[in-house]
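Structural overview
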Amino acid sequence: MDLDVVNMFLIAGGTLAIPILAFVASFLLWPSALIKIYYCFRGRPGHRPSVLLLHGFSAHKDMWLSLVKFLPKNLHLICVDMPGHEGTTRSPLDDLSIDGQVKRIHQFVECLKLNKKPFHLMGTSMGGNVAGVYAAYYPSDICSLTLVCPAGLQYPTDNQFIQRLRELQESAAVEKIPLIPSTPEEMSEMLQLCSYVRFKVPQQILQGLVDVRIPHNSFYRKLFLEIINEKSRYSLHQNMDKIKAPTQIIWGKQDQVIDVSGADMLAKSIPSCQVELLENCGHSVVMERPRKTAKLLVDFLASVHSTDNNKKLD
């Protein structure tokens, strides 16, 4: 199988919720990791903090497979499908706001007793918004935090993508949300929007990707409209000054979805904050630069853990 096509499958599957193709591509590349992560965890709790991973809009837990490949085998990892995604149930009564998602994740954490000992929380895009607000709401649960190109910030000016969204909102054209494709052409545009890497994807594959997503598109529209309304749109911005845990920000410099200037915004509001900007990388950081992202995460955890140990010895 052509490597570019495999990589395209991973980005489409991991970032954009294509579970079947992600499963196949992931199995071809690292079957042992797939089996372990399929059940949302790998490893066992140990002296290092456990790591809880929150995916982005319309993705699923398997999007983290590309990152997991490069993480230490003895690191306890937990991946969870966000509310309404992949393996989770959907109900008309679900609160899909960022606050509602934070509460659902907290219920999950308490069910697993994951907060028996402070853990590291990592989220990307919408998951980054949820992770940041979680850290603000439940500070005692968290020992450290990684936000990857997180949503939920308020910018002085809108980028091209946000301007387009505002125009769609004003015209009530909810069928044309760029992150919810319903044709091969729209799928191609979305891949280009979310990734700095450019793929020449055959029409037949694009159609297959769309066919897998279409049954879920009504839910994705409902969720998207919920997270961009007034209640959720700036959730992270409104809570970032309440984040006390050591925080790592990772962002692709060529992100066309959420402007990279958000990294500086967060760094100025969070007391202990480390920023990493990646060249030649777009919004799909975890899929585009998994090795680099894994190294940054491991180094950050090592520095925070080492600092904690030194404090105990003082």
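Note that this is a predicted model, so its numbers are computed, not measured.

**Some words on unusual backbone geometry**
Despite not being glycine, Lys113 has its phi angle at roughly 55°, a positive value. Along the chain, the position of Lys113 falls in the loop between helix H5 (98-112) and strand E4 (119-124). Judged by relative accessible area, Lys113 falls into the exposed class, the value being 62%. Even without a glycine there, the phi angle at Cys149 is positive, about 35°. Summarising the element assignment, Cys149 is placed in the loop between strand E5 (142-148) and helix H7 (160-170).

**As for the sheet that holds strand E3 (residues 77-80)**
With mixed pairing, seven strands are arranged side by side in an open sheet as E1-E3-E2-E4-E5-E6-E7. Each edge of the open sheet carries a strand with a single partner, namely strand E1 (41-42) and strand E7 (273-278). Pairing between strand E2 (residues 51-54) and E4: four bridges, direction parallel. Paired with Val51 across the two strands is His120, which belongs to E4. The strands that helix H6 (residues 126-137) touches are E2, E4 and E5; relative to E4, the one it contacts most, it runs at about 145°.

**Digging into the side chain of Asn129**
Within the fold, Asn129 resides in helix H6. If sequence neighbours within four positions are ignored, Asn129 has contacts with Ile98, Pro150, Ala151, Gly152, Ser232, Ser235 and Leu236.

**Here's the deal with the packing of aromatic side chains**
One pair of aromatic rings is described through two measures. These are the centre distance and the angle between the planes. Using the criterion set out here, one finds six aromatic pairs in the structure. One aromatic cluster in this structure is built from Phe57, Phe219, Tyr220 and Phe224. Just above the ring of Phe219 sits the side chain of Arg90; from NZ or CZ to the centre is 4.3 Å.

**Some words on the packing of helix H8 (residues 184-194) against helix H9 (residues 203-213)**
Look at H8 against H9: their axes get within 8 Å of each other, and the N-to-C directions meet at 95°. Taken together, the axes of H8 and H9 lie roughly perpendicular to each other. Contacts from Pro184, Glu185, Met187, Ser188, Met190 and Leu191 of H8 reach H9 at Gln203, Leu206, Gln207, Leu209, Val210 and Arg213. Tallied by class, residues from the contact of H8 with H9 come to seven nonpolar, three polar and two charged.

**Describing the state of the cysteines**
Under the definition given, this model contains zero disulfides. The structure places no disulfide on Cys194, whose sulfur is separated from the nearest cysteine sulfur, that of Cys149, by 9.6 Å.

**Some remarks on the packing of H5 against H6**
Their axes nearest at 9 Å, the elements H5 and H6 cross at an angle of 70°. It follows that H5 is roughly perpendicular to H6 by the angle criterion. The chirality of how H5 crosses H6 is right-handed. Facing Ile98, Asp99, Gln101, Val102, Ile105, His106 and Val109 of H5, the residues of H6 in contact are Met126, Asn129, Val130, Val133, Tyr134 and Tyr137. In terms of residue class, the contact of H5 with H6 is built from nine nonpolar, three polar and one charged.

**Notes on helix H10 (residues 217-227)**
Three or more residues of H10 are buried, namely Asn217, Phe219, Tyr220, Arg221, Leu223, Phe224 and Ile227. Tucked into the core, H10 has its buried residues touching H5, H6, H7 and H9.

**With respect to the confidence of the model for the protein chain**
Residues shown with low pLDDT carry predicted positions that ought not to be read at fine detail. Put simply, the protein chain has an average pLDDT of 85, and 84% of its residues get 70 or more. Across residues 309-314, confidence stays below pLDDT 50; counting only partners more than four residues off in sequence or on other chains, it has zero contacts.

**Thoughts on the pairing of E4**
E4 sits mainly inside the fold: six of its six residues count as buried. Residue alternation in E4 divides its side chains into two sets, Phe119, Leu121 and Gly123 and His120, Met122 and Thr124, and both sets are buried. Strand direction decides the pairing type here: E4 and E5, joined by six bridges, are parallel. Each residue of the ladder has a partner; that of Met122, found in E5, is Thr146. In terms of handedness, the path from E4 via H6 over to E5 forms a crossover that is right-handed.

Rules used throughout
Residues numbered from 1 in each chain as written. Predicted model: local features only at pLDDT ≥ 70, side-chain atom pairs only at ≥ 80, totals over all residues. Heavy atoms only, no water. Helix = DSSP H or I, 4+ residues; strand = E, 2+ residues; numbered from the N terminus. Buried < 20%, exposed > 50% of the residue type's maximum accessible area, 1.4 Å probe, protein only. Pairing = 2+ DSSP bridges. Contact = heavy atoms within 4.5 Å. Axes fitted to C-alpha atoms, helices over the stretch in contact; angles between N-to-C directions. Phe/Tyr/Trp six-rings, centres within 6.5 Å; stacked < 30°, edge-to-face > 60°. Lys NZ or Arg CZ within 6 Å of the ring centre and 35° of its normal. Parallel < 35°, antiparallel > 145°, perpendicular 65-115°, else oblique. Nonpolar A, V, L, I, M, F, W, Y, C, P; charged D, E, K, R; others polar. Disulfide = S-S within 2.5 Å. Left-handed = near helix turned anticlockwise from the far one by under 90°. pLDDT = per-residue confidence, 0-100. Right-handed = clockwise from strand over helix to strand, strands pointing away.

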